[in-house]
Amino acid sequence: MVKNLLKKIISNEYNTDFDILTPPDPKMGDYSVNLAFILAKKEKKNPKELSEELAAKFSKSNELSRYFGKIEAVGGFVNFYISNDFLRSQLLKILEQGENFGSGEKKNYKINLEFVSANPTGPLTVHNVRAAPYGDALASILKKSGYDVTKEYYINDAGNQVRLLGESVARRYLRLKGKTIDFPDNLYQGEYIIDIAKEVEKDGLVDQIENFDELVLVCKDYALKKLTSLIIGSLKRLGVEFDVWFSEEKLYETGEAETTLRILDKGKHVYEKDGAKWLKIDNSGERDAVLVKSDGAYSYLMGDIAYTRNKFMRGFNKAVNIWGADHHGDVLRLMTGVKFLNYEDEALDVLLHQLISIKVGGETKRMSKRKGELVIFDELLEEVGGDVIRFFFLMKDLNTHMEFDIDLAKKQSNKNPVYYVQYAFARLNSILAKSKEQRAKSKNFENLELLKEKEEFLLMRSLVKFPELVEEISKNYQVHHLAQYSFSLASVFHNFYEKHKVIQDDKNLERARLELCRATATILKTTLSLMGISAPERMDGKESEGA
RNA sequence: GAACCAGUAGCUCAGCUGGAUAGAGCAUCGGCCUUCUAAGCCGAGGGUCACAGGUUCAAAUCCUGUCUGGUUCGCCA
């Protein structure tokens, strides 16, 4: 990784903080160092002169000349140009390593990544699916970086909400049976409840049950099973699969919640007030939160703390949660609870994604599972497809308050930028398929020296940046940079494609360009696969407008 | 009243965590297919980076304040 090396080499000589930047234009080099500005202040010198001195000095370094062909001062910056030799050597590396290019060393570090975890009280909505492609891609990137990653879904199958779910189904069932029974507003109003009730009726499972509470319980279990498998199915169709589906109920059955509470209590972090047990967050008392309710039931927070502890007990070094921003108030509470259990602050990361506002028919919808006002994810998936949805979410920062116009998304799905990336891959594939020597992995790479066009170098430069990107995302979790990168790589390739022929009379040049294409296809396919997006070998004909 | 996140082109969003002339897609207008796929390429128009101060060699980016929007402040989950 050139960036790290550069930083190391300069740091060895200058004991000061500085940044390695990317110049605004590739013409200005691959990396830029602002060292002169920083030294100028310390030594009270002119930054421009200093940068020239630095450039002259760096140019003489043998170590740097292994990577850089040119080092020059521009307006106070020192700009570094990766040498052509080094670019070609990296091209070779890509061809040799294939999809392993950019992979990090095994780190022997276990990460538990929890995301989506939508309540099993209804079908998956467009709303709660935002974290799915993001978390899935993050897991892939972390794995590529050498971490051991487990993807996990926390099923909130305990507490009052699922009891209400059971009651909703039970009352619908009784109505189907011809009983007059009211259906209060606080129950789940959605159509899917009636569907489940119909299945309960068809099943005949509850025919003998007279006691209402017992009926509710059986309906609850039935509905939970049904809805969970519905959610699993929806996610699967999007291509997202979890390693572990963790039941909240388990924490109470095994007594883990109780144990966790005892540890907190022992550490004097718990006190009683109004018949409930509270977690002491700070001295003001204002932020304190209930762990055990006055009726003896555990709170959601208690479950979450016990759940996080459970992850560490299972041997994970780090837990990463992706939550919707509506839970931001819970972050401090969970963090505090986990800290009181004596785990390091860094052991838990909570990423928040902002909520999506959804527009249907020009109107912004507020979604509520209780009220049954849902934009069901499956319906969208069927219309626009998984690749489009994934890329749409993956391109944006988690902090973006997205506006998702469903009608527009359907209408414009054939203009989604994902096709731009996939099309680049299809074009590459077409070239490789056409060339006679495509699979002849001859080790004669000497022709690479024939690559000297501007577009060829731009392509190589983009390819070389890939490992740095993977490493950076594994640290800052900015998954959308990968989507942005894939788009820009596709763009650089399309430009190359328009300007230069690969298959041609000059067979030596053709061979060299084929290698460049193979390397590009490899990286493009790797990025797509990290994002969980398909890499089609062909894309025929344009979809008709407004179909 | 408090907390978190945001406000960048007509629309949807990037802007690599303080750097060089603020970018892309869509939309609008104009050009490019006898040659590896035109789901592509080239060009044009479109910006007081919400506003006001501050920090410094340098601010869309950091700090403070104001305005606007989303979310949350329950012994719901």
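Residues numbered from 1 in each chain as written. Chains lettered and ligands numbered in written order. Predicted model: local features only at pLDDT ≥ 70, side-chain atom pairs only at ≥ 80, totals over all residues. Heavy atoms only, no water.

*Asks:* I would appreciate a short explanation of the nonpolar core in the present structure.
*Replies:* Side chains that are nonpolar tend, in soluble globular proteins, to be buried together. If you look at the biggest cluster of nonpolar residues, it comprises 118 residues, and the most contacted ones within it are Phe58, Phe68 and Phe80. Per-domain counts for this core show at least three residues from each of domain 1 (2–82) and domain 2 (84–108 + 411–547). Aside from chain neighbours lying at most four places away, what touches Phe68 is Val2, Leu6, Tyr31, Phe80, Tyr81, Ile82 and Ser83. Phe183, Leu187, Ile193 and Leu227 belong to the second largest nonpolar core, which has 25 residues in total. (Core = buried A, V, L, I, M, F, W, Y, C linked by side-chain atoms within 4.5 Å. Buried < 20%, exposed > 50% of the residue type's maximum accessible area, 1.4 Å probe, protein only. Domains from an automatic or database assignment. Contact = heavy atoms within 4.5 Å.)

*Asks:* Just checking my understanding: could you explain the pattern of salt bridges for this structure?
*Replies:* If charged atoms from side chains of opposite charge come close, those side chains can pair. In total, this model carries 26 salt bridges according to the counting rule given. Among the ionic pairs, Asp330 bridges to Arg333, the shortest N-O distance being 3.0 Å. Placement of both Asp330 and Arg333 in helix α13 (residues 328–340) is noted, with a separation of three residues, approximately one turn of the helix. The exposure class assigned to Arg333 is partly exposed, which follows from its relative accessible area of 30%. A salt bridge links Arg427 to Glu498; the shortest N-O distance between them is 3.5 Å. Of this pair, Arg427 sits in helix α17 (residues 417–434) while Glu498 sits in helix α20 (residues 480–499), and the two are 71 residues apart along the sequence. Residue classification places Arg427 among the buried residues on the basis of a relative accessible area of 14%. With relative accessibility at 58%, the residue Glu498 sits in the exposed group. (Salt bridge = Lys/Arg side-chain N within 4 Å of Asp/Glu carboxyl O. Helix = DSSP H or I, 4+ residues; strand = E, 2+ residues; numbered from the N terminus.)

*Asks:* What's the story with the packing of aromatic side chains in this structure? I'm lost.
*Replies:* Describing an aromatic ring pair means giving the distance of the ring centres and the angle of the ring planes. Under the counting rule described, the total for this entry stands at 25 aromatic pairs. The interplanar angle of 65 degrees and the centroid separation of 5.1 Å between the aromatic rings of Phe68 and Phe80 together place this pair among those described as edge-to-face. Pair noted here: Phe68 is in strand β3 (residues 68–74) and Phe80 is in strand β4 (residues 77–82), with a separation of twelve residues, a long-range link. On the basis of relative accessibility, which here comes to 0%, the residue Phe80 falls in the buried class. An aromatic cluster of three or more residues is present, and its members are Tyr14, Tyr31, Phe58, Tyr67, Phe68, Phe80 and Phe86. Here Arg172 stacks its cationic end above the ring of Phe183, 3.8 Å away from the centre of that ring. The ring of Tyr31 has Lys465 lying over it, and the distance from NZ or CZ to the ring centre is 5.3 Å. (Phe/Tyr/Trp six-rings, centres within 6.5 Å; stacked < 30°, edge-to-face > 60°. Lys NZ or Arg CZ within 6 Å of the ring centre and 35° of its normal.)

*Asks:* What should I look at first to understand the side chain of Thr336 in this one?
*Replies:* Structurally, Thr336 is set in helix α13. Under the relative-accessibility criterion, Thr336 is labelled buried at 7%.

*Asks:* When you look at the side chain of Thr150 in this model, what are you seeing that I'm missing?
*Replies:* Locating Thr150 in the fold gives a position in strand β6 (residues 148–155). In contact with Thr150, not counting residues within four places along its chain, are Ile111, Asn112, Leu113, Asp243, Val244 and Phe316.

*Asks:* Explain the protein's contact with RNA strand B to me, please; I cannot follow it from the model alone.
*Replies:* Near RNA strand B you find 68 residues, and of these Ser32, Lys293, Thr400, Tyr423 and Ser430 are the closest. Here, RNA strand B places atoms within 4 Å of the protein, and 60% of those atoms are sugar or phosphate. Here a base oxygen of RNA strand B and a side-chain polar atom of His401 are 2.8 Å apart. Separating a sugar or linking oxygen of RNA strand B from a side-chain N or O atom of Glu498 is a distance of 2.9 Å. Elements with a minimum of two residues in the surface near RNA strand B: α2 (35–43), β4, α7 (160–176), β9 (276–279), α13, α17 and α20. Residues that form the surface near RNA strand B fall into these classes: 25 nonpolar, 24 polar and 19 charged. (Near = heavy atom within 4 Å. Polar contact = N/O pair within 3.5 Å; in protein donor to acceptor, adjacent residues only side chain to side chain. Nonpolar A, V, L, I, M, F, W, Y, C, P; charged D, E, K, R; others polar.)

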